[in-house]
Amino acid sequence: IRRIEDADIAGKRVLVRVDFNVPMQGGSVSDDTRLRAALPTIAFLREGGAKVILMAHFGRPKGQRDPKMSLAPVATPLADLIGHPVKFVSDCVGEDPKGAISLMKAGDVLLLENTRFHAGEESNDPAFSAQLADLADVYVNDAFSAAHRAHASTEGVARLLPAYAGLALQREIDHVTAALDNPNRPVLAVVGGAKVSTKIELLKNLVKKVDRLFVGGAMANTFLAARGHDVGASLYEVDLIDTAKAIDEAAGQAQCALLLPTDVVVAKEFKPHAERRVASVEDVAKTEMILDCGPETVDQLADAIAASRTLVWNGPLGAFETPPFDTATVEAARYAASRCKDHGLTAVAGGGDTVAALNQAGVSGDFTFVSTAGGAFLEWLEGKALPGVEALRD
Ligand code: 3PG
């Protein structure tokens, strides 16, 4: 991969793809994690004397200009974080950005409007990529979390300008590679969440790569059912039982130990603090729902974490938004965090609800690395090449 450190940036117009698809409430940024993630690259470019032109998508406006999906609200919080004005331009191609760029000095920062206001972005239209390329001398991609999209701003334009990986994107790749492609063994993967259906490819890939795979969350119910357990009134996917069986068998063949809960927390109602009990997986009544892993399972998972040198985590182990069914997720995450601190465990987490679950456990800062990516992290776990990353290779 070509790295930004090798780019010729002094005095150059550098077009940087960032991921500013941030949570907003009432028209302002409510979580600035992704803005902060872009700061090292912005600082690097400004110190190197570049003119920094930032571009990003926001939401899914489907090629239409939609004021609710403008990136304008990002400019002020970003300027506060950088400590330098950020000028906003209300289009990402054409005369407006060209005019604003012609006035920039070294170290200045410009933010372009949502790339997805143009249909050519998502269709990766070569003409639209050419318009983007026309704005700059150098292209930098710092948006790992959008790298699974083969769009004009992530892929097309990278083919038209000298293209480099930004510092945040490099960090993501270095960590995900260290965790799965070239890890210290043994490797444990923890995969949770509601549905097997969204994670079939991921599970198939993981059983080939890791030494142990723990499956939790409602998706474990489908695996338990596949092994012949009665999961009572639990959420599970009846039409995926054969798929779960096949994954279970593939794990056996690949000598990957597929670990499932042995005890669970069950309730007859799904609501906060519902009346509940701990049951063996042999002993779930018809009227009961599995809502979390039980204490014996958390102990077994802790033993598996202690026996591993690398941990890859995606997804919660129970109904973590509804306390106390977040208990297993929180306890296991805290234990993993403590192993990172005291025993040199490499723990990498990412994808969808995972960051929220680790934040709830108060341990995101103690994991070796928490990815800012949702879908891109999952596609990487599936073993897929990410078009935005491939476009930065020599
Ligand atoms: C994300 O939020 O995961 C990325 O910004 C990608 O967004 P998308 O799923 O709308 O492409």
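What counts and how
Residues numbered from 1 in each chain as written. Predicted model: local features only at pLDDT ≥ 70, side-chain atom pairs only at ≥ 80, totals over all residues. Heavy atoms only, no water. Helix = DSSP H or I, 4+ residues; strand = E, 2+ residues; numbered from the N terminus. Rg over C-alpha atoms; globule rule 2.2 N^0.38 Å. Buried < 20%, exposed > 50% of the residue type's maximum accessible area, 1.4 Å probe, protein only. Contact = heavy atoms within 4.5 Å. Lys, Arg positive; Asp, Glu negative; His and termini not counted. Charge placed at Lys NZ, Arg CZ, Asp CG, Glu CD. Near = heavy atom within 4 Å. Polar contact = N/O pair within 3.5 Å; in protein donor to acceptor, adjacent residues only side chain to side chain. Areas by Shrake-Rupley, 256 points an atom, 1.4 Å probe, with all protein chains shown as cover. Pairing = 2+ DSSP bridges. pLDDT = per-residue confidence, 0-100. Salt bridge = Lys/Arg side-chain N within 4 Å of Asp/Glu carboxyl O.

**Student:** Describe the overall build of the chain, listing the residues and the values that go with them.
**Tutor:** Counting secondary structure elements, the chain contains 16 helices and 17 strands. Here the chain has a C-alpha radius of gyration of 23 Å; the compact-globule value for 394 residues is 21 Å, and the two agree. Referenced to the eigenvectors of the C-alpha coordinate spread, the extents of the chain come out at roughly 70 × 40 × 40 Å. A buried classification covers 56% of the 394 residues belonging to the chain. Summarising the internal contacts of the chain: among those between residues at least 6 apart in sequence, 74% fall at separations of at least 24. Averaging the locations of the 40 positively and 52 negatively charged side chains of the chain gives two centres separated by 2 Å.

**Student:** Quick rundown of the environment of Leu345? Include the residues and the values.
**Tutor:** Within the secondary structure, Leu345 is located in the loop between helix 13 (327-343) and strand 16 (346-349). Sequence separation between Leu345 and Asn184 is 161 residues, and the spatial gap between their C-alpha atoms is 9.3 Å.

**Student:** Break down the site of the ligand for me, with residues and values.
**Tutor:** As a matter of local geometry, the ligand sits amid Asp19, Asn21, Arg34, His57, Arg60, Arg116, Ser145 and Arg149. One of the side-chain nitrogen or oxygen atoms of Arg60 is found 2.6 Å away from an oxygen atom of the ligand. In this structure, Arg149 approaches the ligand through a side-chain N or O atom, which is 2.6 Å from an oxygen atom. Contact with the protein chains covers 86% of the free accessible surface of the ligand, which is 320 Å².

**Student:** Tell me about the sheet that holds strand 9 (residues 187-191), and name the residues and values.
**Tutor:** Ordered in space as 11-10-9-15-16-17, the 6 strands form an open sheet in which the pairing is parallel. What marks the edges here is a single partner per strand, and that holds for strand 11 (257-259) and strand 17 (369-370). As judged from the 2 bridges shared by strand 16 and strand 17, these two strands associate in the parallel manner. Bridged to Val348 within strand 17 is Phe369.

**Student:** Account for the environment of Ile9, with residues named and values stated.
**Tutor:** Inspection of the secondary structure puts Ile9 in the segment before strand 1 (13-17). On a C-alpha basis, the gap between Ile9 and Ala304 in space is 47 Å, while along the polypeptide they are 295 residues apart. In contact with Ile9, other than residues within four places in its own chain, are Val14, Phe44, Leu45, Gly48, Gly49 and Ala50.

**Student:** Explain the confidence of the model for the chain to me, using residue names and the numbers behind them.
**Tutor:** The share of residues in the chain with pLDDT of 70 or more is 100%, and the mean pLDDT across the chain is 96. Model confidence for the complex: the whole-complex pTM is 0.92, and ipTM, which rates the interface, is 0.98.

**Student:** Please give an account of the pattern of salt bridges that cites residues and values.
**Tutor:** Using the criterion set out here, one finds 22 salt bridges in the structure. Among the ionic pairs, Arg36 bridges to Asp32, the shortest N-O distance being 3.0 Å. Arg36 gets classed as partly exposed once you look at its relative accessible area, which sits at 46%. Three or more residues joined by partner-sharing salt bridges are found here, namely Arg277, Asp283 and Glu288.

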